[in-house]
Amino acid sequence: MADSLAPLLPTHIEEDDDTSSPLTFDKILEKSLSDFGFSQFLQIVLVGLALTFDSQQIFITVFTDAYPTWHCLDHTICNPATTDICKIPRSAWDWDGGFKGKSVISEFDLECSSSFLRSLPSSTFYVGSIVGGVVLAMIPDGSLGRKQLLFFSSFAMSLTGISIFLSSNIWIYSFLKFVIGFARSQTGTYALVLISERISTKWRPRATMVPFTLFVLGFMSLSGIAYLVRHASWKVLYLCTSIPAGIHSIFIYFFALESPRWLHLEGKNKEAIEVLKRISPANRGYLESVSSRLRPKETLEQTSSYSIKDLFIRKWAFRRVTLVMIIMFGLGMSYYGVPLAVRDIKVNIYMSEALNAMVELPTFVVTPILLEQFSRRSSVLVNCLIGGASGVLCFVMSLYGRTKIAFALELGSFFCARIGFNLMAIYLVELFPTCVRNSATMMLRQALVVGGACCPLIASLGRNVPSLSFAVFGFAMSGLGLFALLLPETKGLSLCDTMEEQEQRDQALKTSHSC
């Protein structure tokens, strides 16, 4: 990492610029943030930690809604290996440890309920994420800003998570899970957009890996927290994750910096320059000298005429959005479903979830290599095919009792699902221009969540046909991944800012290929 105390720009830059010509804010930001200082890193970590607590809420039901173990009390009519507890009196068996509050299943007496009712809390969480993604996406950026939206999203999620401690039945619990899903639906988008808009192009690929890494660390820490409170009520796990999340949201409110790009587009040039000064104090003199040359607000308003509807009224944009959402739906089923279904394989649940989280870490090294060495389209396609095949083979191996091989294949399928998400996140940025990129990102995450919403029901069916869900997730990832063949290649191409610029560039590429 470069020394944050070193000058970011040579002193002759200001002299070379024509002070009479207008200077774009993008140029000012790129020059002032060309180095990567410690203050930038702290801001990235502060905002990125929101994804740590987000990941814990996503995967927490793996532990809280798990089917607990039980033992026989009357061995004359009960055999743990063959007996269905729903067909014998309740007095003939009991939960291990004699503690009814270990799981949602045991506390709310759902052991003999339908798969639909047992999976209802997880399903309502994803439904809430879908509804929240649509509703919150309609909030204009000018109303609150990136930082405020992230604060309200994180704070509402943590407050609702704490209130779960008071839930007394499956219906109240499911409703609160819906509220959590609604509140956190755009947390990842807010955090990633805020980070990417406070960093220069040079450092953006590496900087955006930090929140992804923190997301995985949240997943890993959840396994450890769940193990430490394994003898307590399942509600304690919500307290242990929600209280720190609430404290973090307060830190965001007081210490996180707003996006300088958003401030500039709102005509708040003075505030934008102040943010850049705090991020890059070594460039304070340069920023003060160029602040007066920024375009006024009325000039900016003339260029801000795009919205989410442009993704639907333009044929090429609608086609790309549709293809991207189809691919992300398949990846979402595998990414969210595989950790839920792993309990059907006879392995330790704490170890399995920790390993699932650990295999994500190498993906942040593999993804940049794939992006640099291979085309976007082929990387997504081959990755989806390998991941899908691993899921199907996991199902086959589990049928033959090869537990260790099946678990290894499960890890491989999850590994590919994560790489697929990383690849598509970068691919999406290059497929759409700046004016609609945030809306397109929202739709990508919505497709991911819709795929995840299908997982609890599919995973619960695996209790009747062991590991069948792995085959379903595998076929979804590989089959829907084939749609990547219909997307245009973007490797090596610069980013466009407007819809018209994107159309002109695409037309020029078609003409050059035809020649």
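Note that this is a predicted model, so its numbers are computed, not measured.

Peer 1: I'm lost on the pattern of salt bridges in this one. Help?
Peer 2: Side chains bearing opposite charge may pair, as long as their charged atoms lie close to each other. For the structure shown, the criterion picks out 8 salt bridges. Taking the shortest distance from any N to any O, the salt bridge between R320 and D506 comes out at 2.7 Å. With R320 in helix α20 (residues 315–341) and D506 in helix α28 (residues 499–514), this pair connects stretches of sequence that are 186 residues apart. The pair R320 / D506 is uniform in exposure class, with both members buried. With a shortest N-O distance of 3.3 Å, E360 and R418 are connected by a salt bridge. Here the residue E360 occupies a position in the loop between α21 (349–358) and α22 (363–373), and R418 occupies one in helix α24 (residues 403–431), the gap between them amounting to 58 residues. Judged by relative accessible area, E360 falls into the buried class, the value being 0%. Taking relative accessible area as the criterion, R418 reaches 2% and is therefore assigned buried. Overlapping salt bridges bring together E274, K277 and E288 as one network.

Peer 1: Even after reading the chapter, I still don't get the UniProt feature "transmembrane region" (unreviewed entry) in the protein chain, so can you show me in this structure?
Peer 2: UniProt's feature table lists "transmembrane region" (unreviewed entry) at residues 116–137, 149–172, 207–230, 236–256, 317–337, 380–400, 412–432 and 468–487, given in the numbering used throughout. Between the end C-alpha atoms of residues 236–256 there is a gap of 29 Å, over a span that is 95% helix and 0% strand. Here residues 468–487 is 70% helix and 0% strand, with 31 Å between the C-alpha atoms at its ends.

Peer 1: Looking at this structure, I do not really get the packing of aromatic side chains. What am I missing?
Peer 2: The way to describe two aromatic rings as a pair is by their centre distance and the angle between their planes. Applying the stated criterion across every chain yields a total of 25 aromatic pairs. Considering the side-chain rings of Y253 and F254, the 5.1 Å spacing of their centres and the 85 degrees angle between planes classify their relative orientation as edge-to-face. Judged by its relative accessible area of 38%, Y253 is partly exposed. Through a chain of ring-to-ring contacts, three or more aromatic side chains come together here, namely F59, F125, Y126, F215, F219, Y335, Y336 and F414. Here the basic side chain of K147 rests over the ring of Y253, its NZ or CZ set 6.0 Å away from the ring centre. The ring of F212 is capped by R418, whose NZ or CZ atom sits 4.9 Å from the centre of that ring.

Peer 1: Hey, could you run me through helix α10 (residues 170–184) in this one?
Peer 2: For an α-helix, the turn length of 3.6 residues means that residues three or four places apart are oriented alike. Between its terminal C-alpha atoms α10 stretches 21 Å, which fits the 21 Å expected from 15 residues at 1.5 Å a residue. Between the side-chain oxygen of the N-cap and the backbone nitrogen of W171 there are 3.0 Å, and the N-cap of α10 in question is N169.

Peer 1: What should I look at first to understand the state of the cysteines in this one?
Peer 2: Covalent bonding between the sulfur atoms of two cysteines defines a disulfide. Summed over the entire model, instances satisfying the criterion amount to 1 disulfide. Between the sulfur atoms of C86 and its disulfide partner C112 the distance amounts to 2.1 Å. Where C86 bonds to C112 through sulfur, the torsion about that S-S bond is close to -110 degrees, and the disulfide is left-handed. One end of the pair, C86, is in the loop between β1 (70–72) and β2 (93–95); the other, C112, is in the loop between α5 (104–107) and α6 (115–118), and 26 residues separate them in sequence. C112 sits in the partly exposed class, given a relative accessible area of 43%. Of the cysteine sulfurs around C416, a residue in no disulfide, the closest is that of C384, at 8.5 Å.

Peer 1: What is the right way to look at the confidence of the model for the protein chain in this model?
Peer 2: Low pLDDT means the predicted coordinates in that region are not meant to be read closely. Averaged over the protein chain, the pLDDT score is 81; the fraction of residues at 70 or greater is 86%. In the model, residues 1–21 has pLDDT below 50 throughout and makes 32 contacts with residues more than four positions away in sequence or in other chains. Taken together, the stretch residues 298–304 has pLDDT below 50 and engages in 5 contacts with residues farther than four places along the chain or on a different chain.

Peer 1: Where do I start with the nonpolar core in this structure?
Peer 2: Counting 113 residues, the largest nonpolar core has M328 and M424 as its most contacted members. At 14 residues, α20 tops the list of elements feeding residues into this core. Domain assignment of the residues forming this core places at least three in each of domain 1 (22–71 + 96–296) and domain 2 (306–507). Judged by nonpolar contacts, the second largest core, of 16 residues, contains L257, I273, L276 and Y286.

About the thresholds
Residues numbered from 1 in each chain as written. Predicted model: local features only at pLDDT ≥ 70, side-chain atom pairs only at ≥ 80, totals over all residues. Heavy atoms only, no water. Salt bridge = Lys/Arg side-chain N within 4 Å of Asp/Glu carboxyl O. Helix = DSSP H or I, 4+ residues; strand = E, 2+ residues; numbered from the N terminus. Buried < 20%, exposed > 50% of the residue type's maximum accessible area, 1.4 Å probe, protein only. UniProt positions renumbered as here; feature names shortened; annotations may be inferred. Phe/Tyr/Trp six-rings, centres within 6.5 Å; stacked < 30°, edge-to-face > 60°. Lys NZ or Arg CZ within 6 Å of the ring centre and 35° of its normal. Expected span 1.5 Å × (residues − 1). Polar contact = N/O pair within 3.5 Å; in protein donor to acceptor, adjacent residues only side chain to side chain. Disulfide = S-S within 2.5 Å. pLDDT = per-residue confidence, 0-100. Contact = heavy atoms within 4.5 Å. Core = buried A, V, L, I, M, F, W, Y, C linked by side-chain atoms within 4.5 Å. Domains from an automatic or database assignment.

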